[in-house]
Each structure stands twice: as structure tokens, then as C-alpha cells.
Amino acid sequence: MQTTSELEALRRSVAKLREGGMSIGLVPTMGALHEGHLTLVRRAREACDYVVASIFVNPAQFGPNEDLDAYPRQLEEDAALLEGEGCALLWAPEVATMYPPGFATNISVSGVSEGFCGADRPGHFDGVATVVCKLFNQVQPDMAFFGEKDFQQLAVIRTMARDLDLTAPRAHQIIGVPTVREADGLAMSSRNRYLSSEARAAAACLPRAMKAAITAIEAGTDPAMALTELRETLASAGFERVDYAQLADAVNLVPISHLTGSPSRLLVAARIEGTRLIDNMPVG
């Protein structure tokens, strides 16, 4: 696996990979890789000739009350994991490469970015959209792969690609890969490492409570009642706060009060021991 932090070197390496009409799949990450990220790499390898992964801890998506410096950085360990999965090229730029002096452009995706995590983290999805657009332009992939665990992020990126008429990749070539879960059902996340053993055990209540709510809703229970029960279950398990628990349209993330026949999603964010966990599941 090649590793580069220089933009021109990246472009030369990508051009070399493309010789003979080979296809490229991009897996953007912020590092601290776990099985969820590696599943994205495997999915990209199945669909494309070569996989390019990026590791960049993006300061533009961290808010003033979020500790950018505390985000785990383990480039050597992550590179070894990527190489073991057959990744062809690792793009690991410095902040000054992505945001050089005088950088003045911001991409804001209205609507889909404004509720859920967007309401709790103002400006976060502007930072995501801007850096992902740059990564797309730098690598020019045929396809890009993102985990469905960050479902709002996926929706924002797809909307951006559609609205800006991106062709590398096109919006329909931005692939959402189902959430990878621990044995007890908790969605894999770099945040899980912050939990004590007691909180980690209690956190498994989140996916169980979500499944129970979905079963109730699909059986005809009023969604508002099912979501109230979900909140109460999480509180009893030790969660300090539920930021949101909402049924939404799966494409535009507009909140809905009942099933409409169109694809729907249950999205939840809740805090335990001060750590904010997010999850989502299809409904109907």
C-alpha cells in the first residue's frame, strides 16, 4: 500500500491506478479505525478494482465545545489495518494541505443538515460537506463508501453530490453500507472506547430499545407512544439524556408522525457517561 500526504503525489498515484481503465473506490475516514471502517474497505474492494482510503481529522467539523485535540490519532496502526485489507493507497493529508492559507470556501447543505445531529452541532455538516467535496475532487473516485451509522451525514453527502452535479462520484454511486454492530447489538464507534465497563454494558440497551419501538410501530402502535417508551427505557438503563428519538423520511430526513409507505428511518442520539451515542434503523 502506498501512503502519501502530498496532493500532487496523490494525483500521480491515482492516475497510475487508473491505467487500463481501472476503477477506484474511496473510503473517507478520520482514522481510529474499527471493524466498521474495514467493512467499508471490503465493500469497496468487491465493487472496484482499487481502494483509496483517506485519514484526515477534519477541524472544520468540530464545534467550539468539542475537543479536536482529544480525537484519537493512530496513523501507523490504521495504515497497517488498511494494508491488511488490500487497500491500494492511503491519503493522509496535513491540515495545511486541506486548508491552505487564504482558504475561504464553505459548502452548506440546507434542510437535510439542520435537524438531528445538525441541531446539536451547528456548522458540523458544513465542515463534513466541504471536506468530502474536496476529497472527491482530489481522488475523483468512481464510487465512495460511507457507513449508514452516520445516516444524516450520508444524506447530506448524497444531497451535495446531487445538487452540485458531481460526477466523480455521482450521487447514486455514493454507497451506504449497513451499520456494523458488536455482538450485543451496539453500533461500532470510536466513541465506545470512552465508556466504562458498566456504561458499555448499559449502552446495549439502545439498539434493543430501538428494535422494540420499531416492532411496535410496525404493528400499528402510535409512533409517539412507541418513542416515549423508548425514551423511558433508555432513562431506566442509565442514559442521562436523549437528544432525539425521531421517525423520519429515509431520503430527506423530514420528521414524520406515522408510516407513509415510503422508506422510513428511526434515528436516535442519547448520552451515557457524557458520551453521545447515535444509531438508526430502517422502519417498515
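The structure we're discussing is the one just above.
All figures in this text were calculated on a predicted structure; none of them were measured in a lab.

1. Topic: the pairing of strand 6 (residues 174–177)
The side chains of a regular strand alternate between the sheet's two faces. The two faces of strand 6 match: Ile-174 and Gly-176 on one face and Ile-175 and Val-177 on the other face are all buried. Where strand 5 (residues 143–147) meets strand 6, four bridges bridge the pair, whose relative direction is parallel. From the neighbouring strand, Phe-145 faces strand 6, where its bridge partner is Ile-175. Note that the unit made of strand 5, helix 7 (residues 151–163) and strand 6 has a crossover that is right-handed.

2. Considering the layout of surface pockets
The space that makes up the second largest pocket amounts to roughly 270 Å³. The wall of the second largest pocket is formed by 17 residues, among which Ile-55, Phe-56, Val-57, Arg-73 and Pro-93 lie closest to the centre. In terms of residue class, the lining of the second largest pocket is built from twelve nonpolar, two polar and three charged.

3. Here we look at the packing of aromatic side chains
A full pass over the atoms with the stated rule returns five aromatic pairs. With centroids separated by 5.0 Å and ring planes inclined at 80°, the aromatic side chains of Tyr-99 and Phe-103 adopt a geometry described as edge-to-face. On the basis of relative accessible area, Phe-103 is assigned to the partly exposed category, the value being 33%. Between the aromatic rings of Phe-116 and Tyr-244, the centroid separation amounts to 5.1 Å while the plane-to-plane angle is 80°, which identifies the pairing as edge-to-face. One end of the pair, Phe-116, is in the loop between helix 4 (95–98) and helix 5 (117–120); the other, Tyr-244, is in strand 7 (residues 241–249), and 128 residues separate them in sequence. These aromatic residues form a ring-pair network of at least three members: Phe-56, Tyr-99 and Phe-103.

4. Quick notes on the pattern of salt bridges
If you walk through the whole model with that rule in mind, you get 16 salt bridges. The shortest N-O distance in the salt bridge between Arg-276 and Asp-243 comes to 2.7 Å. Placement of the pair is Arg-276 in strand 9 (residues 275–283) and Asp-243 in strand 7, with a sequence separation of 33 residues. For Arg-276, a relative accessible area of 7% puts it in the buried group.

Cut-offs used in this document
Residues numbered from 1 in each chain as written. Predicted model: local features only at pLDDT ≥ 70, side-chain atom pairs only at ≥ 80, totals over all residues. Heavy atoms only, no water. Buried < 20%, exposed > 50% of the residue type's maximum accessible area, 1.4 Å probe, protein only. Helix = DSSP H or I, 4+ residues; strand = E, 2+ residues; numbered from the N terminus. Pairing = 2+ DSSP bridges. Right-handed = clockwise from strand over helix to strand, strands pointing away. 1 Å grid on protein atoms, 1.4 Å probe; cavity = no way out; pocket = protein on both sides within 12 Å on 5 of 7 lines; lining within 4 Å. Points joined across faces, edges and corners; volume = space filled by probe spheres on them. Nonpolar A, V, L, I, M, F, W, Y, C, P; charged D, E, K, R; others polar. Phe/Tyr/Trp six-rings, centres within 6.5 Å; stacked < 30°, edge-to-face > 60°. Salt bridge = Lys/Arg side-chain N within 4 Å of Asp/Glu carboxyl O.

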